[in-house]
Amino acid sequence: MCVGLSARVVKIDKKTAVVDASGAKREVSVSLLDELEPGDYVMVHAGIAIAKITDEDDSESDAVMDELLSE
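Residues numbered from 1 in each chain as written. Predicted model: local features only at pLDDT ≥ 70, side-chain atom pairs only at ≥ 80, totals over all residues. Heavy atoms only, no water.

**Brief notes about the nonpolar core**
Let me state the cut-off plainly: For our purposes a nonpolar core is just a set of buried Ala, Val, Leu, Ile, Met, Phe, Trp, Tyr and Cys residues, chained together by side-chain atoms within 4.5 Å. Only protein chains enter the accessibility calculation, which uses a 1.4 Å probe. A residue is then buried if its area is under 20% of the maximum for its type, exposed if over 50%, and partly exposed in between. Numbering of helices and strands runs from the N terminus, with a helix taken as a DSSP run of H or I at least four residues long and a strand as a DSSP run of E at least two residues long. Whether two residues are in contact is decided by their heavy atoms: any pair within 4.5 Å suffices.
If you look at the biggest cluster of nonpolar residues, it comprises eleven residues: Ala7, Val9, Ala17, Val19, Val28, Val30, Leu33, Leu36, Val42, Val44 and Ala49. Among the elements of the structure, strand S1 (5-13), strand S2 (16-21) and strand S4 (41-45) are those that each provide at least two residues to this core. Those residues within four positions of Val9 in sequence are excluded, and the remaining contacts are Ala17, Val18, Val19, Leu36, Glu37, Pro38, Gly39, Asp40 and Val42.

Here you go:
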C-alpha cells in the first residue's frame, strides 16, 4: 500500500520545494508539476510532489489520517 501526504508549498527553488506537512518541513522534488507557487497544496509520495491539490483536499486528507491514527 502506498500513502501520500498532503503538504503546503512554502518555498520553490527550480525543481525542488520546501513543503510543510502538519508542521514538518522537508524538501521535495516538484519536477512532475508545472505552475506551482508558494501557498499551493500538493500530494507528496517518496519525496516527490505527485499532484497539486486544493486546500479542501488537504483538510480532508488530514482528517482521514487523524482518524486512522487514533484507532
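**Thoughts on the side chain of Asp20**
The line we're drawing: Polar contacts, as used here, are pairs of N or O atoms within 3.5 Å; protein pairs need one atom able to donate a hydrogen and one able to accept it. Residues neighboring in sequence count only if both atoms are side-chain atoms.
Looking at where Asp20 falls in the secondary structure, it is placed in strand S2. Here the side chain of Asp20 touches Gly23 through a polar contact of 2.7 Å, landing on its backbone nitrogen. Apart from residues no more than four positions distant in its own chain, Asp20 is found in contact with Ala7, Arg8, Val10 and Lys25.

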